[in-house]
Amino acid sequence: MTYLLMSLPFLSVGVIVFAIGAVHARRRDAARRYFSSWAAATVTLLALTAVFDNVMMAAGFFDYGTEQISGLRLGLMPMEDFLYPLAGALLLSGVWQLLNGAPRDERTQ
């Protein structure tokens, strides 16, 4: 089994939860903030993943078998490594939005 196939269920769940969170944010008139905060968190996670995965692979902490990856790499890391932080950012943003409850002005009344 490839890392891409192992990542797809997690990515699918993340996309579904993120979409539900987007609907919730739109109903609360907070869609712009929802998407911009997700984008900022995702860019940060992807940048950190690129840097630290390459550092850890260069140090010899771990490596991937060539049969389980697509062959596309950014430095030493396979491109599939970006799916994990992307799935996490999607899932956590959606869950955060859904657990946030009512808009701020309704909570204070």
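Here, every reference points to the structure presented above.
Residues numbered from 1 in each chain as written. Predicted model: local features only at pLDDT ≥ 70, side-chain atom pairs only at ≥ 80, totals over all residues. Heavy atoms only, no water.

So, about the overall build of the protein chain. A tally of regular secondary structure across the protein chain gives four helices and two strands. From first element to last, N terminus to C terminus, the protein chain shows the α and β order α-α-β-β-α-α. What you see for the protein chain is a C-alpha radius of gyration of 17 Å, clearly larger than the 13 Å of a compact globule of 109 residues, by over 25%. In the protein chain, which comprises 109 residues, the share counted as buried stands at 29%. When contacts within the protein chain are restricted to residue pairs at least 6 apart in sequence, those whose partners lie at least 24 apart make up 64%. When the accessible area of the protein chain is evaluated, it comes to approximately 7,300 Å², of which 69% is carbon and sulfur surface. (Helix = DSSP H or I, 4+ residues; strand = E, 2+ residues; numbered from the N terminus. Rg over C-alpha atoms; globule rule 2.2 N^0.38 Å. Buried < 20%, exposed > 50% of the residue type's maximum accessible area, 1.4 Å probe, protein only. Contact = heavy atoms within 4.5 Å. Areas by Shrake-Rupley, 256 points an atom, 1.4 Å probe, with all protein chains shown as cover.)

Of note in this structure, aspartate 29 is not a glycine but carries a positive phi near 60°. Secondary-structure assignment places aspartate 29 in the loop between helix H1 (3-27) and helix H2 (31-58).

On to the packing of aromatic side chains. Within the structure shown, the criterion is met by six aromatic pairs. Considering the side-chain rings of phenylalanine 18 and tryptophan 38, the 5.1 Å spacing of their centres and the 50° angle between planes classify their relative orientation as tilted. Of this pair, phenylalanine 18 sits in helix H1 while tryptophan 38 sits in helix H2, and the two are 20 residues apart along the sequence. By relative accessible area, phenylalanine 18 is classed as buried at 10%. Linked through ring pairs, Phe18, Tyr34, Phe35 and Trp38 together constitute an aromatic cluster. (Phe/Tyr/Trp six-rings, centres within 6.5 Å; stacked < 30°, edge-to-face > 60°.)

Here we take up the packing of H1 against H2. Look at H1 against H2: their axes get within 7 Å of each other, and the N-to-C directions meet at 145°. Residues Val17, Phe18, Gly21, Ala22, Ala25 and Arg26 of H1 pack against Ala31, Tyr34, Phe35 and Trp38 of H2. Its residues assigned to classes, the contact of H1 with H2 shows eight nonpolar, one polar and one charged. (Axes fitted to C-alpha atoms, helices over the stretch in contact; angles between N-to-C directions. Nonpolar A, V, L, I, M, F, W, Y, C, P; charged D, E, K, R; others polar.)

Ranked by size, the top nonpolar core spans eight residues in total: Leu11, Phe18, Ala22, Ala25, Tyr34, Leu83, Ala87 and Leu90. Listing elements by their share of this core, those giving two or more residues are H1 and helix H3 (83-99). A total of four residues in this core trace back to one element, the largest contributor, which is H1. Apart from residues no more than four positions distant in its own chain, leucine 90 is found in contact with Leu11, Gly14, Val15, Phe18 and Trp38. By size, the runner-up hydrophobic cluster in this structure holds six residues, among which are Ala50, Tyr64, Ile69 and Met77. (Core = buried A, V, L, I, M, F, W, Y, C linked by side-chain atoms within 4.5 Å.)

Take alanine 39: it is sitting in helix H2. Looking at alanine 39, the relative accessible area reads 29%, which means it is partly exposed. Each C-alpha atom, one on alanine 39 and one on serine 93, is 9.9 Å from the other, the two residues being 54 residues apart in sequence.

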